[in-house]
Amino acid sequence: MKHVATADRRRVRGGGASRVGGAVRSVGRALHFPVTGAARGIRKATHAHGAGESGLGKLIELHAVNGAGDVMITVALASTVFFSVPTDEARGRVALYLAITMAPFTVLAPVIGPLLDRLPHGRRAAMAGAMLARALLALVISGAVASGSLELYPAALGVLVASKAYGVVRSAVVPRLLPPRFSLVKANSRVTLAGLLATGVAAPVAAGLHKVGDPWPLYGAFVIFVAGTILSFSLPPKVDSAKGEDVALLAADEQHLHGPQRRKEQAKRPGLRTVGPAVTHALGANAALRCLSGFLIFFLAFLLREHPLTGESAAVSLGIVGVAAGVGNALGTAVGSWLKSRAPEIIIVTVVAVVLGTAIVAALFFGTFLVACLAAVAGFGQALAKLALDALIQRDVPELVRTSAFARSETLLQMAWVFGGAVGIVLPLNGTVGLLIGAVFVAAGWLSTVKGLLASARHGGRTRPRVA
C-alpha cells in the first residue's frame, strides 16, 4: 500500500509538471505565433502561383527589403536636411545635389546596360553590392547628421546612385525568374507592389525611430540593408545565367558608333529602333510621366513649405501629397496586374491623357483637393504606364536582348526623373505656373508618341520586329 501511495503521488506530481509544461509551451506558441504566423503568411503570398519554385518569390521579398530601407533613409533626410535650413539655401543645396546626380546618369546611360550584359554572372553580387553600399552610407549619414558635416551630401548622392543601380539590375533579373504561364506585367506588378507595401509599413516605423533621435532611422536602414545583402545571395543561380542573351542598343547608343563599326554593330545585334517602334514611343510617353513625377516631388516640396495647403502646416501638406501619390502608385500597380496586356499602347495613351487633363485642371483651379488629386493620378498613371511598357518590351523585343532593353529603359527613365526634378527646383514658387509647366512636360510626351502608339495598336502587335 505504501508503494502504491508513493506511485500515486509521483503520477500526480508528474501530471502536474506535464500540465505546467504544456501550459508554458502553449503560452510560448501563443507569443511566438504573431511572428511565425506573419512570416508564414508573407512567405505564402510571395511564393504563390509558382513564384516560390521559379525564384520570383525571393526577388519579391528582396524588393520589399529594398523599399523598407529606402524609406528609412528618406525619412531621416527629409527631416534633417529639408526642414532644417532656409528655403533659398535648401533649394541651392538640392539643386547642386540633383546636378551632381544627373551627371553620372548622363555619362553612365550608354554604359550601365552594356556593363551588365558583359558581366552577366555578377547580378546577385551587384544587387548585394548596392545593398551593402547603402548600409555603409547610412552609417556615414548618421554621423554627418550628428556632426553637421558636409559628408551628408556625397553620402546621400551615393545612396541614390546605389538605389537606382539596384533598380536597373532588378529589372533585368525579373524576366529570368518568371513562373510558367506568368506574364512579365504580372511579375513586375507583384514585385513593385511588395516594395510599396513594405514602404507603407516601414514609414511609420521610421517616423517612430526619428522621435527617438535623428540617427535612429539610419541605424534601422543599416540593419535592413545588411539583411538585403544576405538575401541577395539567396536568389537562384539562374539569375546569373546569360545563356543565349545579347545586348540591345538604343538610338542614343548607336550614335556613339561611327562608320563601319556602327554598321557592324547594327548587323550583329538589334537596337530598340529595329525591334518595334511601339517600344520607343512607349518609352517616350513613360519618360514624360517620370519627368512629371520628379518635377512634382521637388516643386511641391518647396512650394508647400512656403505656401502650405489651406488650413494645414507645411509638414502635413507634404504628407497629404505624399500619401496621395503613394496610394495612386499602389492602385496603378494593382490595376496593372488585373488588366489584360493585349493593348498596352491603348493603356499608355489613355493614362497619359488622363494625367495631362488632371494637371491642367489642377493648375487652373489650384487648391488642396486638386493638388492631392494630381499627385494620386500622376502616381497611378506612372505605375500603370510602366507596366504597359514592360508588356511591350516583352511582346516586341526578342528574348535575345530583352534583359538589356530593360536595363536601358530604366536608366533613361531615371534621367527623365532627374531632369524634371531640376526644373522643379529652379521655377518660381507659383502653383498655377508650376503645374502648367508640368502639364507641358506631359503634353510634349503624349503628342509626340500618341500617333505611333495608336498605329501600333491598330496592327495589334502582329507585325513582329526584325532582328538584324
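Small disclaimer: the values here were computed from a predicted structure and weren't measured. (Residues numbered from 1 in each chain as written. Predicted model: local features only at pLDDT ≥ 70, side-chain atom pairs only at ≥ 80, totals over all residues. Heavy atoms only, no water.)

Student: Outline the side chain of Ser163, supporting the account with residue identities and numerical values.
Tutor: The topology assignment puts Ser163 in helix 6 (residues 152-173). The exposure class of Ser163 is buried, given its relative accessible area of 13%. When near neighbours in sequence (up to four residues on either side) are disregarded, Ser163 contacts Asp70 and Arg134. (Helix = DSSP H or I, 4+ residues; strand = E, 2+ residues; numbered from the N terminus. Buried < 20%, exposed > 50% of the residue type's maximum accessible area, 1.4 Å probe, protein only. Contact = heavy atoms within 4.5 Å.)

Student: Lay out helix 6 in plain terms, naming residues and giving numbers.
Tutor: For helix 6, with 22 residues, the first-to-last C-alpha span of 31 Å sits near the 32 Å given by 1.5 Å per residue. Burial analysis of helix 6 places 16 of its 22 residues in the buried class, which makes it a mostly covered element. (Expected span 1.5 Å × (residues − 1).)

Student: Describe the environment of Ala144, listing the residues and the values that go with them.
Tutor: Secondary-structure assignment places Ala144 in helix 5 (residues 123-147). Expressed as a C-alpha distance, the spacing of Ala144 and Ala155, which sit 11 residues apart in the sequence, is 9.0 Å.

Student: Provide a residue-level description of the pattern of salt bridges, including the pertinent values.
Tutor: Using the criterion set out here, one finds 2 salt bridges in the structure. With its nearest N and O atoms 3.0 Å apart, the salt bridge here joins Arg134 to Asp70. Placement of Arg134 in helix 5 and of Asp70 in helix 3 (residues 56-82) is noted, with a sequence separation of 64 residues between them. Relative accessible area serves as the criterion here: at 19%, Asp70 is assigned to the buried category. Close ionic contact of Asp390 with Lys386 constitutes a salt bridge, the shortest N to O distance being 2.8 Å. Of this pair, Asp390 and Lys386 both sit in helix 14 (residues 368-396), 4 residues apart, which is roughly one turn of the helix. Like Asp390, the residue Lys386 is buried in the burial classification. (Salt bridge = Lys/Arg side-chain N within 4 Å of Asp/Glu carboxyl O.)

Student: Summarise the confidence of the model for the protein; cite the residues concerned and give the values.
Tutor: For the protein, the average pLDDT comes to 75, and 66% of its residues sit at 70 or higher. Mean pLDDT per element in the protein: helix 9 (residues 251-254) is the minimum at 45, and helix 8 (residues 216-232) is the maximum at 94. In the model, residues 30-38 has pLDDT below 50 throughout and makes 2 contacts with residues more than four positions away in sequence or in other chains. This stretch, residues 462-468, has a pLDDT under 50; its non-local contacts, to residues over four places away or in other chains, come to 13 contacts. (pLDDT = per-residue confidence, 0-100.)

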